[in-house]
Amino acid sequence: MADTGRDLRVEGLTKRFGDFLAVDDLTLTVPQGSFFALLGPSGCGKTTTLRMVAGLDDPTAGRVLIGDEDVTYLRPYKRPVNTVFQSYALFPHLTIFENVAFGLRRRGVKDYKQKTLDMIDLVQLGPYAARKPAQLSGGQQQRVALGRALINEPAVLLLDEPLGALDLKLRRQMQIELKRIQTEIAVTFVHVTHDQEEAMTMADTIAVMNHGVIEQMGAPGDLYENPETTFVANFLGQSNLIRVDVIDTVDQDVVVDCYGQKVGVVASRSHAGGRNAWLGVRPEKVFAEAAGADHRVGSNILTGGRVTDVSFVGVSTQYLVAMPWGQELMVFEQNTGQRPLFRNGDQLDITWSPAHAFLLDADQDARAGVMTPEDDE
Amino acid sequence: MATVATRERVSSDPGRAKPSKRPVGRWLSDHLVLLVGILVLVYIFVPIGYIFALSFNQPSGRSATAQFESFTWSNWTSICEPEGLCDSLQLSFEVSITATLLATLLGTLMAFALVRHSFRGRSTSNLVIFLPMATPEVVMGSSLLAMFVSVGLDSVLGFVTIVIAHVLFCLSFVVVTVKARLVGMDSRLEQAAMDLYANEWQTFRLVTLPLAMPGIVAAAMLSFSLSFDDFIVTNFTSGQSVTFPLYVYGSKLRDFPAQLFVVGTLMFLVSFVFVIAAELWRRRRSAIR
C-alpha cells in the first residue's frame with residue numbers, strides 16, 4: 001500500500017443524462033492517503049461522480065486517473081477501487097464471512113480465509129461471521145460493508161452516504177471510527193455526503209458541489225471561515241448576508257457601507273468584484289452589546305438592533321436581531337453567564353471583527369444553499 | 001400461516017376489548033373465521049379423500065365404481081397392470097420435463113431481457129407475453145393443430161408437437177413469475193459484485209442467479225404442473241400419442257381401472273410433500289433471521 005503516486009485525478013469529467021448535465025467539466029486531484037469529501041445537496045452530481053470513479057457509469061467526457069493509469073473506461077472489476085454503497089448492498093444470500101471474502105476469492109488470493117477472519121475481527125464482528133446480513137443491525141451491516149471493501153486494500157475507497165441509514169448517535173460513533181480506520185491504513189477515502197457536519201468532522205479536504213460543478217474546495221476550516229460563494233456560506237453552517245456598497249480599500253481593509261453605517265472586511269476575504277456585495281458574517285462571530293455600551297469585542301459595529309426572538313438552547317442562546325433596515329440577523333452567544341440574557345424588545349448593538357467577515361459577489365442568490373426542512377433527510 | 005395468525009388475532013383481541021358481550025355471541029364471533037376456514041378445507045379435501053379411499057377398493061367388475069366394496073392393496077401393487085397406463089405416465093413425464101426445461105430456460109432469458117434492458121417495443125412485448133395466458137385453450141389447441149398440419153408436421157404429431165405446444169403456454173407463466181422476482185432485486189448487488197472484482201459471468205453465477213433462483217424454481221414447478229395435467233391442447237396436438245390425462249379421459253369412456261385412483265393419490269402425496277418441505281425450509285430460514 002505504501003507505493004507512491006496513487007493520487008486520484010479527475011480531469012474534465014462530464015456526465016450528461018439526456019438534456020440533464022449531471023456533472024459539468026469536473027477537475028480535481030485527491031492526494032493519496034487523504035480523506036476527501038464531496039459535499040452537496042441531492043442531485044448535485046456527487047454520486048454520479050463517485051459512480052464514474054468506480055466504473056459503474058461511463059462518463060460523457062473527461063478522464064479518471066489513479067496514479068498515472070487511465071481507468072476511465074476500465075470495467076469496475078479491473079480498477080483498484082472499492083465502494084461502500086449507500087444502504088450497503090450486502091449479498092443477502094451469503095454469510096458475513098462470504099460477503100467479506102468475496103473480493104479476495106474473485107482475485108484468487110490463497111490465504112483468503114485468515115485475511116477474512118482478521119478483517120471481520122477488525123470491524124468487531126467476530127461472533128457474527130456465520131450469520132446472514134439480515135440478522136445484523138444497521139450499524140453492524142455498515143461495518144460489514146466497510147470490511148468487505150477494505151479487505152481488498154484498494155488504492156481508493158469510495159463511500160456513498162455510508163452513514164445515511166444510521167441513527168444520529170450511531171452516526172457520530174461511526175464517524176470517529178471511520179476517521180480512525182482511515183488514519184490507520186492510510187487509504188484514500190472519497191466520501192460522498194449531503195451532511196455538512198459529517199463532511200467537516202471527517203474530511204481533510206471538502207469539495208462543495210452544486211449543479212454539477214465544484215463551488216469551492218479546501219480544508220473544512222477554510223471553507224467555513226472564508227466561503228467564496230453564497231451557496232457555500234449557507235450550505236456549510238449558517239450565515240448572515242447583508243447587502244452592502246463597496247466604498248474604498250484602506251490598507252488591508254475593504255470599507256463597505258451597510259445601510260449608512262461603515263464597516264471593514266479584510267481584503268483577502270473579499271470575493272466580490274463590483275460596487276455591490278453581500279457582507280457575510282457567521283452568527284457565532286457576532287457579539288451583542290446593550291445599546292451604547294462600551295464596545296470591546298470587534299471593531300465593526302452596527303447600531304440600532306432590537307431583539308425579536310430569543311431561543312435558549314442550553315450551551316448557547318440564539319437571538320434574532322431586527323436591524324433598522326428591517327433584516328433580522330442571527331446572533332449565537334455562548335451561555336458563559338457573564339451577564340444576564342437579553343430579552344425580546346431589548347435595544348442593542350452588534351459587533352464583530354473585520355477578520356471574521358467576508359464579502360461575496362452581489363449577483364449571487366443570498367438564499368442559495370439554505371437548508372429547508374425538506375432537504376434535511 | 002396467515003389463517004392461523006388471523007384466528008389468533010380474532011380470538012384474543014375482541015374478547016379482551018369487549019368483555020360485556022354475551023358468551024355465545026362472543027364465542028361465535030371469536031371463532032367464525034376458524035369455522036369458515038374448516039368448512040373450506042373440508043370442501044377442498046373431501047373429493048381427494050374419495051380418490052384416496054377408492055384407491056384401496058376392490059371393484060367387483062373390470063371397471064372401478066363409486067361403490068366401496070372391499071379393501072385391497074392390489075391396486076397399489078399392480079399400477080402398471082392396465083394396458084397403456086404406465087406408458088402414458090412415462091410419456092407425460094417425458095413431455096413435462098422437456099417442456100419445463102425449455103420453457104424455464106427461454107422464459108428466464110426473456111424475463112431478464114424485459115426487466116434489465118430497455119429496447120424498442122419492450123412494453124408491447126410485456127403485453128404480448130400475456131396473450132397465451134388469455135387465449136382459451138381450445139382455440140390455442142385447434143390453431144396449433146391447424147398450423148402443424150399446414151407446415152407438414154401432421155405425420156410426426158406426438159412428442160415433438162406436444163412439447164412445442166406445452167412450451168408455448170408455459171412460457172408466459174415463467175416470464176411473469178421470474179420477472180416478478182427480478183423486479184424486486186436490487187441492481188446495486190450486482191454492481192457491488194462487479195466492484196468486488198467479479199466479472200460479468202461471475203456476477204451472474206454468484207449473485208444474480210442465486211437471487212433469482214426462488215423465482216426460477218417456482219416458475220419451473222408451475223410449468224411442470226401445467227404441462228403434466230394439460231388435456232385440451234394436448235388432445236389436439238398429440239396425434240396417436242397418449243399422455244396420462246388423455247389416458248384417464250379415454251378410460252372414462254371405456255373401463256375405468258382402479259389403479260388410476262392410486263396414481264391420483266400418489267400425485268397428490270408427492271405435491272403435498274413438496275409443499276410441506278418448502279414450508280419447513282422457509283420456516284427454518286426465517287427462524288435463523
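What counts, and where the lines are drawn
- Residues numbered from 1 in each chain as written.
- Chains lettered and ligands numbered in written order.
- Predicted model: local features only at pLDDT ≥ 70, side-chain atom pairs only at ≥ 80, totals over all residues.
- Helix = DSSP H or I, 4+ residues; strand = E, 2+ residues; numbered from the N terminus.
- Rg over C-alpha atoms; globule rule 2.2 N^0.38 Å.
- Buried ≥ 20, exposed ≤ 12 C-beta atoms within 10 Å, placed from the backbone.
- Contact = placed C-beta atoms within 7 Å.
- Core = buried A, V, L, I, M, F, W, Y, C linked by C-beta atoms within 7 Å.
- Domains from an automatic or database assignment.
- Pairing = 2+ DSSP bridges.
- Axes fitted to C-alpha atoms, helices over the stretch in contact; angles between N-to-C directions.
- pLDDT = per-residue confidence, 0-100.
- Nonpolar A, V, L, I, M, F, W, Y, C, P; charged D, E, K, R; others polar.
- Parallel < 35°, antiparallel > 145°, perpendicular 65-115°, else oblique.
- Left-handed = near helix turned anticlockwise from the far one by under 90°.

Draft legend 1. Representation of the overall build of chain B within the structure. Scanning chain B from terminus to terminus reveals 13 helices and zero strands. In sequence order, chain B lays out its α and β elements as α-α-α-α-α-α-α-α-α-α-α-α-α. Computed over its C-alpha atoms, the radius of gyration of chain B comes to 25 Å, more than 25% above the 19 Å expected for a compact globule of 289 residues. Taking the principal axes of its C-alpha atoms as reference, chain B extends roughly 80 × 70 × 35 Å. In chain B, buried positions account for 27% of the 289 residues. When contacts within chain B are restricted to residue pairs at least 6 apart in sequence, long-range pairs at least 24 apart make up 74% of them.

Draft legend 2. Expanded view of the nonpolar core. The biggest cluster of nonpolar side chains holds 103 residues, and the ones touching the most others in it are Val53, Leu158, Val190, Val208, Ala277, Leu279 and Leu359 of chain A. Shared between two domains, this core takes at least three residues from each, and those domains are domain 1 (8–225) and domain 2 (238–361) of chain A. Those residues within four positions of leucine 279 of chain A in sequence are excluded, and the remaining contacts are Ile242, Val244, Val256, Cys258, Val265, Ala357 and Leu359 of chain A. Counting 32 residues, the second-largest nonpolar core is a separate cluster that includes Cys170, Leu182, Ala219 and Phe224 of chain B.

Draft legend 3. Spatial organisation of the sheet that holds strand β8 (residues 188–193) of chain A. Residue and element names in this part refer to chain A. Taken in spatial order, the six strands of this open sheet run β6-β7-β8-β3-β9-β10, and their pairing is mixed. Every interior strand has two partners, whereas the edge strands, β6 (81–84) and β10 (213–218), have only one. For this sheet, the mean angle separating the axes of adjacent strands, direction not counted, is 20°. Looking at chain direction, strand β7 (residues 156–160) and β8 are connected through five bridges and run parallel. Bridge pairing in β8 places leucine 159 opposite histidine 191.

Draft legend 4. Fine view of the environment of valine 310 of chain A. Residues and elements named next belong to chain A. Note on placement: valine 310 falls in strand β16 (residues 300–312). Along the backbone, valine 310 and phenylalanine 342 are 32 residues apart, and their C-alpha atoms lie at a distance of 7.8 Å. Sequence-distant contacts of valine 310, defined by excluding residues within four places in its chain, comprise Thr317, Tyr319, Leu341, Phe342, Arg343 and Asn344.

Draft legend 5. Highlighting the domain arrangement of chain A. Domain annotation for chain A reports domain 1 (8–225) and domain 2 (238–361). Of note, the centres of domain 1 of chain A and domain 2 of chain A, computed from C-alpha atoms alone, are 40 Å apart.

Draft legend 6. Representation of the sheet that holds strand β2 (residues 20–30) of chain A within the structure. Residue and element names in this part refer to chain A. One open sheet accounts for four strands, arranged β2-β1-β4-β5; its pairing is antiparallel. Sheet topology places β2 and β5 (69–70) at the edges, where each strand pairs with a single neighbour. Of the pairings in the sheet, the one linking strand β4 (residues 61–66) to β5 comprises two bridges and is antiparallel in character. Looking across to β5, one finds that leucine 65 is bridged to aspartate 70. Each of β1 (8–17), β2 and β4 touches helix α1 (residues 46–54); the most contacted strand, β1, lies at about 115° to it.

Draft legend 7. View of the confidence of the model for chain B. Residue and element names in this part refer to chain B. Chain-level pLDDT for chain B is 84 on average; 91% of the residues reach the 70-or-more range. Below pLDDT 50 for its whole length, residues 1–18 participates in 12 contacts with residues either more than four positions away or in separate chains. Interface confidence for the predicted complex, given as ipTM, is 0.78, next to a pTM of 0.76.

Draft legend 8. Representation of the interface of chain B and chain A within the structure. Taken together, the contacts link 17 residues of chain B with 17 residues of chain A. Elements with a minimum of two residues in the side of chain B that touches chain A: α9 (187–195) and α10 (200–228) of chain B. A total of six residues in the side of chain B that touches chain A trace back to one element, the largest contributor, which is α9 of chain B. Residues that form the side of chain B that touches chain A fall into these classes: 10 nonpolar, three polar and four charged.

Draft legend 9. The arrangement of the pairing of β10 of chain A in detail. In this sheet, β10 of chain A lies alongside strand β9 (residues 205–210) of chain A in antiparallel orientation, the contact comprising five bridges. Of the residues in β10 of chain A, the one forming a bridge with alanine 207 of chain A is methionine 217 of chain A.

Draft legend 10. Spatial organisation of the packing of helix α2 (residues 96–106) of chain A against helix α4 (residues 138–150) of chain A. Residues and elements named next belong to chain A. Here α2 crosses α4 at 30°, and the two axes come no closer than 7 Å. Between α2 and α4, the angle falls in the class roughly parallel. Note on packing geometry: the crossing formed by α2 with α4 is right-handed. Contacts between α2 and α4 involve Ile96, Asn99, Val100, Phe102 and Gly103 on the former and, on the latter, Val144, Gly147 and Arg148. Split into classes, the residues belonging to the contact of α2 with α4 amount to four nonpolar, three polar and one charged.

Draft legend 11. The packing of helix α4 (residues 85–116) of chain B against helix α8 (residues 159–183) of chain B, seen in detail. Residues and elements named next belong to chain B. Where α4 contacts α8, the two axes come as close as 6 Å, and the packing angle between them is 40°. Relative to α8, the element α4 is oriented oblique. The chirality of how α4 crosses α8 is right-handed.

Draft legend 12. Fine view of the environment of leucine 34 of chain B. Residues and elements named next belong to chain B. When you line up the elements, leucine 34 lands in helix α2 (residues 23–54). Among the residues examined, leucine 34 registers 16 C-beta atoms within 10 Å and is labelled partly exposed. Measuring from C-alpha to C-alpha, the distance between leucine 34 and phenylalanine 268 comes to 25 Å, with 234 residues separating the pair along the chain.

Draft legend 13. Examining unusual backbone geometry more closely. Residues and elements named next belong to chain A. With phi around 50°, aspartate 25 is a residue other than glycine that occupies positive phi space. If you trace the backbone, aspartate 25 turns up in strand β2. Positive phi is not limited to glycine here, since tyrosine 88 has a value of about 75°. Among the secondary structure elements, tyrosine 88 is positioned in the loop between β6 and α2.

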